[in-house]
Amino acid sequence: MFRTKDGEEIFVIDGHTHFWDGSPQNQKNVHGKQFIDCFYAYHSNLSPKEWLWPKEKFEKYDAQTMHDDLFVHGYDDMAILQSTYLSDFYKKGFNNIERNYAMKKAYPNRFIINGAFDPRDGERGLDQLRADAEKYDLKGVKLYTAEWKGDSKGYKLTDPESYRFLEEAEKLGIKNIHVHKGPTILPLNRDAFDVADVDDVATSFQNLNFIIEHCGLPRLDDFCWIATQETNVYGGLAVALPFIHTRPGYFAHVISELLFWLGEDKLLYGSDYGIWTPKWLIEKFMAFELPDDVAKETGVSLSLTAKKKILGLNAARLYDVDISAQKQKLMAPLAAAS
Amino acid sequence: MTVGGRQYEGRMSEIWDRLRHVTDPELDESVTELGFVTTVEVDAVDHVHIQFRLPTYWCAANFAFMMADDMRAAVSAVSWVSGVSVVLGEHMYADKINRGISQGQSFQEAFGSEANGDLSEVRRTFLLKAFQRRQEALLSQLLARGYRPEQLVVMSLAELEVLLVERQGQDLVGRYLERREIVGPCSPDAPAFLSVEGWRLPADGLEAYVRGLRRVGVNAEFNGALCRGLLSVRFDMTTPLPERPKMNPS
């Protein structure tokens, strides 16, 4: 919960968090090492100095640390835990759903867990998706389209197999599809980060919401254009948001483009924990004001209402979170303890 | 200093100058200014050895290959150069790219079944984005200087070429003209400003058109800042790279 100077409470749902194990013990090969090293470079490059972690903590942190970083030191009220397998890089997967579920069991009112599917897994994958949907009551999945699997280096949302999985997801009530693009989609001569396949499936699956992580970066330009034409396409702010510290000028331009093309109802805050932590991200975001020249140029404003939507109300809508009921649940243990 | 030493230095600066004109296609910035090129050496038989690196292990293979191939071509064109080797370090596809470049292979040949064609399409896509970004910078500046939309849409290339338009040290006209030929013929009386489709721009709605192009520039600036930062962290560069002020980043 963030409280403004005027005492207003802002309910915060963190749209993108990870409980990963990137430690050397879990790495299968050099790719596993390079994957977590790349994340650590994002962390080191964009975090304020006082929030830099040692590499060992970054590679693998425990549940208590994560809980405290998000909800005790940070302002998150709830967080969505994404599942990412990367089974070709990590022995037990990078952050598998069982690991996420253990976290959820420890803090049931805090976490929403999302599953994952890989269209290349065929019937076995569909069976797994059905089982996961039932066991974990999934409302969302995270898709990492550049995941390596044997000889394959990735897939597109427009592949026929992807359609089968999206149809099944819709049947199972999984309505939020978080999409993370990566650099190795075949064929390699094409632009791997192309977001055109999002446009296609968003049109075909009107009952699903597509939350594009990192706002389509490094293709923010194409993403804005697609998202403005599709009512069910959202932007996740991870990676863009931390620029608020090192490069507030760039952040101002990016958020103003997003507000201009998508609007304040279509943007979701995400810390991308453990790459970044909610405390500093939210303090800076709440204190941030668009410079006059940018606001004038784009005609948008980042009002308190817009911030409330981005930090929680939009995610609450997508994930059917009743905020006042949730507040009661979160208050209950405190009341019981006092 | 010996004559040979002076000649060597001259040759080195000639090579660096050629490399400075090679761009990262995605960022539309020079590979040398981005800090990608780490080593240039000329050996006793005038063979040039170039080493470069990228901000992450995962940077897209197609762009990495394009940069390596463009560097090879740019340096090969120098008359006294007998041969060029370009070596990419610490990258998921380093082996394939280095082998492909050293054997003069196409991207398709280097990547086999992982590719289904050459790089011309992706190259054109990013040249067009670079064109849009440069056009937006120039048109915005001209509009800010009081040029009216109806004047700009009928301006010829000859009329544009004589204008001096700078922003924070960048020659906006020169940069735009470098990419103008991608969208249409460049005779002196041809329209200075065309869309990526090669169409004339409408006076009515020009500002909205320019507004639309802003996305491309914002994206590229953001990616450029991210890539510089990641490179700096990855290779622990103690001296921060010089920043060219562009979008009033604070």
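Residues numbered from 1 in each chain as written. Chains lettered and ligands numbered in written order. Predicted model: local features only at pLDDT ≥ 70, side-chain atom pairs only at ≥ 80, totals over all residues.

Caption draft 1: Local environment of the UniProt feature "domain: MIP18 family-like" (unreviewed entry) in chain B. Here, the residues flagged by UniProt with the feature "domain: MIP18 family-like" (unreviewed entry) are residues 14–86 of chain B. Strand forms 27% of residues 14–86 of chain B and helix 32%; the C-alpha atoms that close the span are 16 Å apart. (UniProt positions renumbered as here; feature names shortened; annotations may be inferred. Helix = DSSP H or I, 4+ residues; strand = E, 2+ residues; numbered from the N terminus.)

Caption draft 2: Fine view of the confidence of the model for chain B. Residue and element names in this part refer to chain B. Of the residues in chain B, 94% reach a pLDDT of 70 or more, and the chain-wide mean stands at 92. The low-confidence segment residues 239–245 (pLDDT under 50) makes 5 contacts with residues lying over four places distant or belonging to another chain. Scoring the predicted complex yields pTM 0.92 and, for the interface, ipTM 0.90. (pLDDT = per-residue confidence, 0-100. Contact = placed C-beta atoms within 7 Å.)

Caption draft 3: Examining the packing of helix 5 (residues 120–144) of chain B against helix 8 (residues 172–180) of chain B more closely. Residues and elements named next belong to chain B. Their axes nearest at 9 Å, the elements helix 5 and helix 8 cross at an angle of 150°. Compared by their axis directions, helix 5 and helix 8 come out roughly antiparallel. By crossing handedness, the relation of helix 5 to helix 8 is classed as left-handed. For the pair formed by helix 5 and helix 8, the contact residues are Leu127, Ala130, Phe131, Arg134, Gln135, Ala137, Leu138 and Gln141 on the first element and Leu172, Val173, Arg175, Tyr176 and Arg179 on the second. (Axes fitted to C-alpha atoms, helices over the stretch in contact; angles between N-to-C directions. Parallel < 35°, antiparallel > 145°, perpendicular 65-115°, else oblique. Left-handed = near helix turned anticlockwise from the far one by under 90°.)

Caption draft 4: Representation of helix 8 (residues 220–227) of chain A in the model. Among the 8 residues of helix 8 of chain A, 7 are classified as buried, and the element is accordingly described as predominantly covered. Residues of helix 8 of chain A that are buried include every one of Leu220, Asp221, Asp222, Phe223, Cys224, Ile226 and Ala227 of chain A, and no others. (Buried ≥ 20, exposed ≤ 12 C-beta atoms within 10 Å, placed from the backbone.)

Caption draft 5: The sheet that holds strand 4 (residues 47–52) of chain B, seen in detail. Residues and elements named next belong to chain B. Spatially, the 3 strands line up as an open sheet ordered 3-4-5, and their pairing is mixed. Since the sheet does not close on itself, it has two edges, and those belong to strand 3 (37–42) and strand 5 (83–88), each with one partner. Across this sheet, the average inter-strand angle for adjacent strands is 15°, counted without regard to direction. (Pairing = 2+ DSSP bridges.)

Caption draft 6: Layout of the sheet that holds strand 5 (residues 111–113) of chain A. Residues and elements named next belong to chain A. Taking strand neighbours across the sheet as the criterion, the 3 strands line up as 3-4-5 in an open arrangement whose pairing is parallel. Here the strands that pair on one side only, and so sit at the sheet edges, are strand 3 (13–17) and strand 5. Averaged over all adjacent pairs, the angle separating strand axes in this sheet is 20°, with direction ignored. Strands in contact with helix 4 (residues 97–106) are strand 4 (78–81) and strand 5; relative to strand 5, the strand with the most contacts, it is inclined by about 155°.

Caption draft 7: Broad picture of the packing of helix 2 (residues 61–76) of chain B against helix 3 (residues 94–102) of chain B. All names here are of chain B. Where helix 2 meets helix 3, the closest approach of the two axes is 10 Å, and the angle between their N-to-C directions is 30°. The angle between helix 2 and helix 3 places the two elements in the roughly parallel class. The handedness of the crossing between helix 2 and helix 3 comes out as right-handed. Each of Ala61, Ala64, Phe65, Ala68, Asp69 and Arg72 in helix 2 lies in contact with helix 3, whose residues at this interface are Ile97, Gly100 and Ile101.

Caption draft 8: Inspection of the domain arrangement of chain B at higher detail. All names here are of chain B. By domain assignment, chain B separates into domain 1 (3–118) and domain 2 (121–228). On a C-alpha basis, the centres of domain 1 and domain 2 stand 29 Å from each other. Every contact between the two is made by 9 residues of domain 1 and, on the other side, 10 residues of domain 2. Class assignment of the residues belonging to the side of domain 1 that touches domain 2 gives a composition of 5 nonpolar, 1 polar and 3 charged. (Domains from an automatic or database assignment. Nonpolar A, V, L, I, M, F, W, Y, C, P; charged D, E, K, R; others polar.)

Caption draft 9: Molecular detail of helix 7 (residues 196–204) of chain A. When helix 7 of chain A is considered as a whole, its buried residues turn out to be Val198, Asp199, Val201 and Ala202 of chain A. Those residues of helix 7 of chain A hidden inside the fold are in contact with helix 6 (160–171), strand 7 (176–180), strand 8 (209–212), helix 8 and strand 9 (233–236) of chain A.

Caption draft 10: Local environment of the interface of chain A and chain B. Counting residues at the interface gives 30 residues for chain A and 35 residues for chain B. Secondary structure elements with two or more residues in the side of chain A that touches chain B: helix 1 (30–46), helix 8 and helix 10 (248–261) of chain A. Per element, the largest residue contribution to the side of chain A that touches chain B is 7 residues, and it comes from helix 1 of chain A.

Caption draft 11: Here's a closer look at unusual backbone geometry. Across the junction of leucine 217 of chain A and proline 218 of chain A, the peptide omega takes the value 10°, indicating a cis bond. Of the consecutive residues tyrosine 273 of chain A and glycine 274 of chain A, the connecting peptide bond is found in the cis state with omega at 0°. You can see glycine 274 of chain A is positioned in the loop between strand 10 (267–268) and helix 11 (278–287). Notably, valine 239 of chain A is not glycine yet its phi reads approximately 75°, a positive angle. Take valine 239 of chain A: it is sitting in the loop between strand 9 and helix 9 (243–246). Phi is positive for aspartate 28 of chain B, which is not a glycine, with a value near 55°. Considering the arrangement of structural elements, one finds aspartate 28 of chain B in the loop between strand 1 (23–24) and strand 2 (29–30).

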